[in-house]
Amino acid sequence: MSDNWAVLPRVIARVNASALLAVFLLLAEAVNFPTQCLGQDIPIAGNGRTTGGRTNEAHEGSARAEGLMSSIVNWLAATFDLPAIREAPRIEFIQPASMAQLRYRGSAGNQGMPLDMGRDIVALYDDTKRTIYLPKGWTGVTPAEQSLLVHEMVHHLQNVGKLKYECPEAREKLAFAAQEQWLELFHRTLAAEFKLDPFTLLVRTSCLG
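The following refers to the structure shown. As the structure is a prediction and not an experimental result, all values here were calculated from the model.

Buried residues of helix H4 (residues 96–103): Met99, Leu102 and Arg103, and no others. One face of H4 carries all of its buried residues, which in axial projection span an arc of 100°. Relative to its buried face, H4 has exposed residues pointing more than 90 degrees away, namely Ala97 and Gln101.

And the structure:
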């Protein structure tokens, strides 16, 4: 009986990890919780401040990304058995047009989160540079924006953890699954938030070559 009671808290904690994280993030949004770096150093490019006393959007996005990073890593490790790697990626905020150029410059190490069969790229991870590219204006406030970071963090953990897959599309399968499950915590879906239809998702996650 004592052994069962010893194991029970760990079981409950694992089962409720996703729900507890969702509640924390929702509360953080509700009270405008000041995001802090939870033990991770994340070099941010292009996060200067604007004039006129307004907070630069990239700076706000950088701060929120730092605050979310450790929680996302813990959630991915607990939910998808990915390695809980503490080496944080670099983050840059760029225009969508520049993102598309990076995605299709011929580097197989670039993992993009495309919409409509790749004509629009909304987030990107570069294996070589270990850099996540997010769109300018990203604040990380909405579940949809957070899910972009979740998707690309999967690729970072895959890359740094040296995980092997049959093809690049197989890497995407896990990233999309994590993104979908994150959105479901907030009662949202890939289809609703990104208009990502099942056929496109199937193509993006199947080894067809």
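In the structure shown here, the tally under the stated rule is four aromatic pairs. Aromatic pair tryptophan 75 and tryptophan 182: ring centres 5.1 Å apart, planes at 85°, arrangement edge-to-face. In this pair, tryptophan 75 sits in helix H3 (residues 57–80) while tryptophan 182 sits in helix H6 (residues 168–185), placing the two residues 107 residues apart along the sequence. Comparing tryptophan 75 with tryptophan 182, the two get one shared label, buried. Centroid distance phenylalanine 93 to tryptophan 138: 6.2 Å. Interplanar angle 35°. Geometry classified as tilted.

Here we take up the packing of helix H5 (residues 143–160) against H6. The interhelical angle for the contact between H5 and H6, taken along N-to-C directions, is 145°, at an axis separation of 8 Å. The interaxial crossing formed by H5 with H6 has right-handed handedness. Contact with H5, carried on its side by Pro143, Ala144, Gln146, Ser147, Leu148, Val150, His151, Val154, His155, Gln158 and Asn159, involves Arg171, Glu172, Leu174, Ala175, Phe176, Ala178, Gln179, Trp182 and Leu183 of H6 and no other residues of that element. Among the residues making up the contact of H5 with H6, the classes are represented as eleven nonpolar, seven polar and two charged.

Tracing the backbone shows glutamine 179 in helix H6. Among the polar contacts made by the side chain of glutamine 179, one reaches the side chain of serine 147 at a distance of 3.1 Å.

The rules behind each value
- Residues numbered from 1 in each chain as written.
- Predicted model: local features only at pLDDT ≥ 70, side-chain atom pairs only at ≥ 80, totals over all residues.
- Heavy atoms only, no water.
- Buried < 20%, exposed > 50% of the residue type's maximum accessible area, 1.4 Å probe, protein only.
- Helix = DSSP H or I, 4+ residues; strand = E, 2+ residues; numbered from the N terminus.
- Arc of directions from axis to C-beta.
- Phe/Tyr/Trp six-rings, centres within 6.5 Å; stacked < 30°, edge-to-face > 60°.
- Axes fitted to C-alpha atoms, helices over the stretch in contact; angles between N-to-C directions.
- Left-handed = near helix turned anticlockwise from the far one by under 90°.
- Contact = heavy atoms within 4.5 Å.
- Nonpolar A, V, L, I, M, F, W, Y, C, P; charged D, E, K, R; others polar.
- Polar contact = N/O pair within 3.5 Å; in protein donor to acceptor, adjacent residues only side chain to side chain.

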